[in-house]
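# Fold and geometry: a report
Residue-level listing of the chains:
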Amino acid sequence: MVTRGFFSGRRPPSDTDERIPPGQYLEQGFPVLSAGPTPRVRSEDWSFTLKHGPKPVKKWNWAEFNALPQSKMTRDIHCVTAWTKFNTPWQGVLIDDIFADAGIEPPTAFTLALSFDGYSTNVPTADLVTGKAMVALLYEGKPITPDHGGPARLLVPHLYFWKSAKWVNGLQFTERDEPGFWELRGYHMYGDPWREQRYSSDP
Amino acid sequence: MNAGPQPQSPWQAATIARIEKRTPRVTSFWFRPSRPFTHLAGQHVDIRLTAPDGYQARRSYSIASAPEAGAGIELAIERLDDGEVSPFFHDVAEVGDEIELRGPLGGHFIWEASEGGPILLVGGGSGVVPLMAMVRHRTLQKSAAPVALVFSARVWDEVIFRDELIDLDDRRDGFEFVLTLTREQARRPADSSRRVDARMMVQAMERLPKAPRLAYVCGSNAFVSAAAEALIEAGVPAGLIRTERYGV
Ligand SMILES: Cc1cc2nc3c(=O)[nH]c(=O)nc-3n(C[C@H](O)[C@H](O)[C@H](O)COP(=O)(O)OP(=O)(O)OC[C@H]3O[C@@H](n4cnc5c(N)ncnc54)[C@H](O)[C@@H]3O)c2cc1C
């Protein structure tokens, strides 16, 4: 449906068209969205736990986690509130390297990412491995600021950005695909921006 | 609580039924959806504008009207001069135009009168919009839940819904309106003229019979961060604070 009188001059440059998923617009800034106040997690209080169901598999403190192999990833990110940001540079620990350090082959097909503020989000295990995702520690070469999820956030850049849990403190393998915080509140279980899977009613 | 977007919330055409200027920078638009629409206080809609070549711009707007108001969905849109969508509404949109919207959306920033109070609401600028829906919902439900609204605006003339809020405050029925102006002297005796801080939150909570069950904070990202920190400093547990950030 064409909107009467709407002739925006603000189109993405045509060479970037194929990088912008349907319904998204290009953003130069880096907006902040979250369900509650920004937790201030000091690195001395920080830890990361890998769990299979309720059972801890391995736990790292800040120093131990930072000693894991570090990788860099520069990716386009897509927020469900319709902005897309190009070429965001991150550095951190690939989920593959976390699993390797724990000496574990993923035992289930589903994972919940857990956060310090009680937030959680579900991601299929297959979307976390083979270099697709990391726990990010640096953004643009600097520690991630608290409002963007620092000290550490999950980065799953090929899914809508709410799946990239801020203030992440663990991953939990689950037997079934269990909805997390926003998924319980009407957001999509998978969240593929290219299929516009924003809300639970989207196919 | 966990209503979330309704299973049947695809895009639909909605007709602009009424337009009313609220402040020099904020105008209200009432939309009449073509399909049944039931929302909860605090939810938003997504709006999609389509240019003749198919280009689309999409934004979220909170619903200002109470679910039981009935006269269409009110959106209060602030004009950002160099923005893409908000100037369209202020300069181009007219009564009778059809606009595509989707919703209601959002399953977290919601309050139903049946959940009770006390509730503390904190809004900055157009961040008052979803809080207004909660206040109006409380009134229309004849709820006795104690509710305090802390509203931060730049100047007196930019206080959206000002007369309505003062009227509701004057009823003394458990709704408390705490206004603060950041660039002008306060006009009412109990109001402040500074940015929100912990002391202001303590004063607002003193106007509630007991500590709030939940606090709702809405506005720009900078406002929400500052207000949430003020609440925490004033002793409100972080887990009781719900936030809605308008992005940048
Ligand atoms: C859940 C939710 C509820 C909301 N509810 C409301 C509400 O009730 N009322 C309300 O008024 N708003 C609300 N908003 C904000 C709203 O969605 C829009 O962000 C706002 O109206 C601005 O949109 P715009 O297209 O006018 O501006 P945009 O074009 O998005 O620009 C926003 C600002 O960014 C700058 N900018 C960004 N890109 C460019 C560019 N390429 N060139 C120049 N400048 C640029 C501009 O300076 C402008 O001031 C809500 C947001 C959310 C997420």
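An account of the accompanying structure is given in this report. The structure displayed is predicted, hence computed values, not measured ones.

Time to look at the sheet that holds strand 2 (residues 47-52) of chain A. Residue and element names in this part refer to chain A. The sheet built from five strands is open, its strands ordered 3-2-11-6-7 with mixed pairing. Edge positions in the sheet fall to strand 3 (55-61) and strand 7 (120-124), since each has one partner strand and no second. Strand after strand, the sheet turns through a mean of 20° between neighbouring axes, direction not considered. Across six bridges, strand 6 (residues 110-115) lies against strand 11 (residues 168-174) in antiparallel orientation. From the neighbouring strand, Phe110 faces strand 11, where its bridge partner is Thr174.

This part takes up the interface of chain B and chain A. Facing the 45 residues of chain B at the interface are 36 residues of chain A. Our count for the chain B to chain A interface comes out at five salt bridges. In this structure, Asp97(B) engages Arg4(A) in a salt bridge whose closest nitrogen and oxygen atoms are separated by 2.8 Å. Here chain B and chain A share 14 residue pairs in polar contact (both at pLDDT 80 or more) between them. Those elements giving two or more residues to the side of chain B that touches chain A turn out to be strand 3 (44-50), strand 4 (56-62), strand 6 (98-105), helix 5 (221-233) and strand 11 (241-245) of chain B. Residues of the side of chain B that touches chain A, tallied by class, amount to 18 nonpolar, twelve polar and 15 charged.

What follows deals with the site of the ligand. Arg10(A), Ser60(B), Tyr61(B), Val85(B) and Ser86(B) are the nearest of the 21 residues found near the ligand. Tyr61(B) has a polar side-chain atom sitting 2.7 Å from an oxygen atom of the ligand. Notes on the ligand: free accessible area 950 Å², of which the protein chains cover 76%. Elements with a minimum of two residues in the shell around the ligand: strand 4, strand 5 (73-78), helix 1 (86-91) and strand 11 of chain B. Tallying contributions element by element places strand 4 of chain B first for the shell around the ligand, with four residues. Per-domain counts for the shell around the ligand show at least three residues from each of domain 1 (11-105) and domain 2 (113-245) of chain B.

Thresholds applied
- Residues numbered from 1 in each chain as written.
- Chains lettered and ligands numbered in written order.
- Predicted model: local features only at pLDDT ≥ 70, side-chain atom pairs only at ≥ 80, totals over all residues.
- Heavy atoms only, no water.
- Pairing = 2+ DSSP bridges.
- Helix = DSSP H or I, 4+ residues; strand = E, 2+ residues; numbered from the N terminus.
- Axes fitted to C-alpha atoms, helices over the stretch in contact; angles between N-to-C directions.
- Contact = heavy atoms within 4.5 Å.
- Salt bridge = Lys/Arg side-chain N within 4 Å of Asp/Glu carboxyl O.
- Polar contact = N/O pair within 3.5 Å; in protein donor to acceptor, adjacent residues only side chain to side chain.
- Nonpolar A, V, L, I, M, F, W, Y, C, P; charged D, E, K, R; others polar.
- Near = heavy atom within 4 Å.
- Areas by Shrake-Rupley, 256 points an atom, 1.4 Å probe, with all protein chains shown as cover.
- Domains from an automatic or database assignment.

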